[in-house]
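# Summary of structural features
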Amino acid sequence: MPVPPAPPVLQPEIAAERFVLRPLRRSDAGLIALYAGDERVARMTTSIPHPLPPGTIEAFIARAGEADRQDEVWVLDASAHGGAEIMGLISLERLDRNQSEIGYWIAPPYWNTGHASEAVRALLEANPYGSATMFASVFQDNPASARVLTNSGFEYIGDAEAFSVARNATVPTWTYLRRMS
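Residues numbered from 1 in each chain as written. Predicted model: local features only at pLDDT ≥ 70, side-chain atom pairs only at ≥ 80, totals over all residues. Heavy atoms only, no water.

This part takes up the overall build of the chain. Counting secondary structure elements, the chain contains five helices and eight strands. Listing the helices and strands of the chain from first to last along the sequence gives β-β-α-α-α-β-β-β-α-β-α-β-β. Against the compact-globule benchmark of 16 Å for 181 residues, the chain has a radius of gyration of 16 Å, which places it among compact chains. Principal axes of the C-alpha set define a box for the chain whose edges measure 50 × 40 × 40 Å. Across the 181 residues in the chain, those meeting the buried criterion constitute 45%. Counting only contacts in the chain whose residues sit at least 6 apart along the sequence, the fraction spanning at least 24 positions is 62%. Carbon together with sulfur atoms contributes 53% to the accessible area of the chain, which is approximately 9,800 Å² in total. (Helix = DSSP H or I, 4+ residues; strand = E, 2+ residues; numbered from the N terminus. Rg over C-alpha atoms; globule rule 2.2 N^0.38 Å. Buried < 20%, exposed > 50% of the residue type's maximum accessible area, 1.4 Å probe, protein only. Contact = heavy atoms within 4.5 Å. Areas by Shrake-Rupley, 256 points an atom, 1.4 Å probe, with all protein chains shown as cover.)

Structure representation (structure tokens):
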């Protein structure tokens, strides 16, 4: 007799001032695909391909709901505040030694609105893993994202490189660290 799959482990919703960070839903696939499929978004991430192959977002959402997932992913959802249902995504990956890594992207209509900074600050304040240290890195040609981190209390700790699927290239990065109190 087949064993039923384990129920998904629920992740917390995190309140911000203008929106809530909430878990992904299958119904989010269309808007996430619209925004993640934008080359300007994909090029600033390590993992979003461009063009976006069919089924990519549906598979991403399914992985985000698995009980043994490696990270937590939240949607920036302002629908309860009269705003858009999806303005971007933010994730937190658990690392060893009580550390985590934050990643995020914001949909182009919401660039330069402070939403990324607000999402990062909300996630830092919630610190759902109880991490002692948080890391983040950004491509060096994305100074706006670097400002989000420095404005949220991250300190620059060095240069590195990361592969960008959308660019099919290794890209120079800046790495940031924030010690949690």
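Turning our attention to the sheet that holds strand β1 (residues 14-15). The eight strands lie next to each other as β1-β2-β3-β4-β5-β6-β8-β7, forming an open sheet whose pairing is mixed. Of all strands in the sheet, those bounded by a partner on one side alone are β1 and β7 (155-164). Seen against the sheet, helix α5 (residues 143-151) touches β5 (99-106), β6 (133-139) and β8 (169-179) and runs at an angle of roughly 15° to β8. (Pairing = 2+ DSSP bridges. Axes fitted to C-alpha atoms, helices over the stretch in contact; angles between N-to-C directions.)

We now examine the packing of aromatic side chains. If you walk through the whole model with that rule in mind, you get one aromatic pair. An angle of 70° between the planes, with centres 6.0 Å apart, marks the rings of Tyr156 and Tyr176 as edge-to-face. With Tyr156 in strand β7 and Tyr176 in strand β8, this pair connects stretches of sequence that are 20 residues apart. Lying over the aromatic face of Tyr129, Arg94 brings its terminal NZ or CZ to 3.8 Å of the ring centre. One Lys or Arg, Arg167, reaches over the ring of Phe139 and ends 4.8 Å from the middle of that ring. (Phe/Tyr/Trp six-rings, centres within 6.5 Å; stacked < 30°, edge-to-face > 60°. Lys NZ or Arg CZ within 6 Å of the ring centre and 35° of its normal.)

With that out of the way, let us pick up the pairing of β7. Here β7 pairs with β8 via nine bridges, running antiparallel. Residue pairing in the sheet places Phe163 in a bridge with Thr170 of β8. Turn length for the β7-β8 hairpin, with the two strands adjacent in sequence and antiparallel, is four residues, and the turn residue Asn168 shows positive phi of about 50°.

As a further point, take the environment of Ala64. Tracing the backbone through its elements, the reader meets Ala64 in helix α3 (residues 56-64). Overall, the relative accessible area of 12% leaves Ala64 in the buried class.

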